[in-house]
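Notes for the structure review
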Amino acid sequence: MTTELVLLGTAGAPMPVAGRGGISSALIVDERVFVIDCGRGTPTAFVDAGLDFTRLEAVLLTHLHADHTGDLAGMLLYPWGIRVGDHGPLAPIRVYGPARPEALPPGDASFHRQTTVHPELPAPGTKDLVEAIFAAYAYHLNVMPVDARMPDAGQLARALDIQLPAKIDGRPQVPTVVFEDEAVQVSAIAVTHGHAVPAFAYRFNAADGSVVFSGDTTVNEDLIAFAQGAEILVHSVADLSYLARHGFAGAALARMAALHTDISEVGGVAERAHVGELVLNHYLPAEPEAIADADWAERAGHGFSGRTTAGSDGLRRTLPGARS
């Protein structure tokens, strides 16, 4: 059994940039494929990485911002015609992610809400998102089977909301097991990403080691505990000083600091978590020419005694086996 990490896209923020795909990763566990987030270009990156849609078992969304979910529709709809085995349609692709939040956050001094989109359900969850995708593509799903041999649309996907227990102030989170079988256990905790509540980190435990995906977060004590001893920590990173030099100031910069982990802090997170390798992703700024990979890795690695890697689209890592 082998476990392999593939970075499909590493850009932070919704705006497309040349040279980096939208945020997405894949973890292959004994030839089964799990995708974490579905940013811009994920289906193409999936194929470019040599991955097989018939092996795709699940998509896990860290949160419901558009840069993490924008190409979920493609991941579910594009491979429809090939997800058939010797005995009929393959099992539906499972889609895991946050449940409905309790409410929208209120406006503040900088943002006064004028339009509430879809007021009947202004804060949908993952099941709602997948149902809305299918509703939006109802014509295709209802008509295409007449012209092509395809499985029934009801076999495409099954969405499952992840419900975490309420956090008790002053107490560490207890990870919630999302699913597990004889080969892999996947668990989740909530992290801190501005007003995106809930936002998740995920941990995959397999026979040859563990990989943790931070999602988008500030420095988070629960994440540090959650990632203890993992072979790889895939962590989002921002260079707030770069943003400050390029027009972010005051409240705008404070917002960024409440959403992301600065380059000066991420190495300390990895060190305290005692992980083997820190892999950077979800870069802010996202443009590859803004900051060289070597600079990202060197600065982010301060305070970390393990290996720091500036993740790039297409990067692959095979777990060497559990460390003692």
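Below is a summary of the structure that appears in this document. None of these values were measured; they are calculated from a predicted model.

With that out of the way, let us pick up unusual backbone geometry. Excluding glycine, a negative phi dihedral is what most residues carry, and trans is how most peptide bonds are arranged. With an omega of 0 degrees, the peptide bond between valine 197 and proline 198 qualifies as cis. Of note, proline 198 is situated in the loop between strand 10 (184–191) and strand 11 (199–206). In this structure, proline 285 follows leucine 284 across a cis peptide bond, with omega equal to 5 degrees. By the element assignment, proline 285 lies in the loop between strand 14 (277–284) and helix 10 (293–300). Positive phi, close to 50 degrees, is recorded for histidine 118, a residue that is not glycine. Inspection of the secondary structure puts histidine 118 in the loop between strand 7 (93–98) and helix 4 (126–136).

Turning to the pairing of strand 1 (residues 3–9), a few remarks are in order. A regular strand carries its side chains on alternate faces of the sheet. Within strand 1, seven of the seven residues are buried, which leaves the element mostly enclosed by the surrounding structure. Bridge count for strand 1 against strand 2 (residues 24–29) is six bridges, and the pairing is antiparallel. Each residue of the ladder has a partner; that of glycine 9, found in strand 2, is serine 24. Taken together, the three bridges between strand 1 and strand 16 (residues 316–318) define a ladder with antiparallel strand orientation. Note on strand 16: the bridge partner recorded for glutamate 4 is threonine 318.

Of all hydrophobic cores here, the largest spans 34 residues; its most connected members are Leu233, Val275, Leu280 and Trp296. Listed by contribution, the elements that provide at least two residues to this core are strand 10, strand 11, helix 6 (221–226), strand 13 (232–238), helix 7 (240–245), helix 9 (266–273), strand 14 and helix 10. The contact partners of tryptophan 296, leaving out residues within four places of it in the chain, are Arg20, Val237, Ala238, Asp239, Ile263, Leu280, Tyr283, Leu284, Pro285, Ile291 and Ala310. In terms of nonpolar packing, the next biggest core, distinct from the first, is built from 31 residues, Val6, Leu61, Leu141 and Ala153 among them.

Of the residues making up helix 9, those classed as buried are Val266, Gly267, Val269, Ala270 and Ala273. Each buried residue of helix 9 lies within a common arc of 160 degrees when the element is viewed along its axis, so the set occupies one face. On its buried face, helix 9 is in contact with helix 6, strand 13, strand 14 and helix 10. At the C-terminal side of helix 9, histidine 274 shows a positive phi close to 55 degrees.

Cut-off values and rules
- Residues numbered from 1 in each chain as written.
- Predicted model: local features only at pLDDT ≥ 70, side-chain atom pairs only at ≥ 80, totals over all residues.
- Heavy atoms only, no water.
- Helix = DSSP H or I, 4+ residues; strand = E, 2+ residues; numbered from the N terminus.
- Buried < 20%, exposed > 50% of the residue type's maximum accessible area, 1.4 Å probe, protein only.
- Pairing = 2+ DSSP bridges.
- Core = buried A, V, L, I, M, F, W, Y, C linked by side-chain atoms within 4.5 Å.
- Contact = heavy atoms within 4.5 Å.
- Arc of directions from axis to C-beta.

Note that every value here comes from positions in space, so none of it alone points to a role or purpose.
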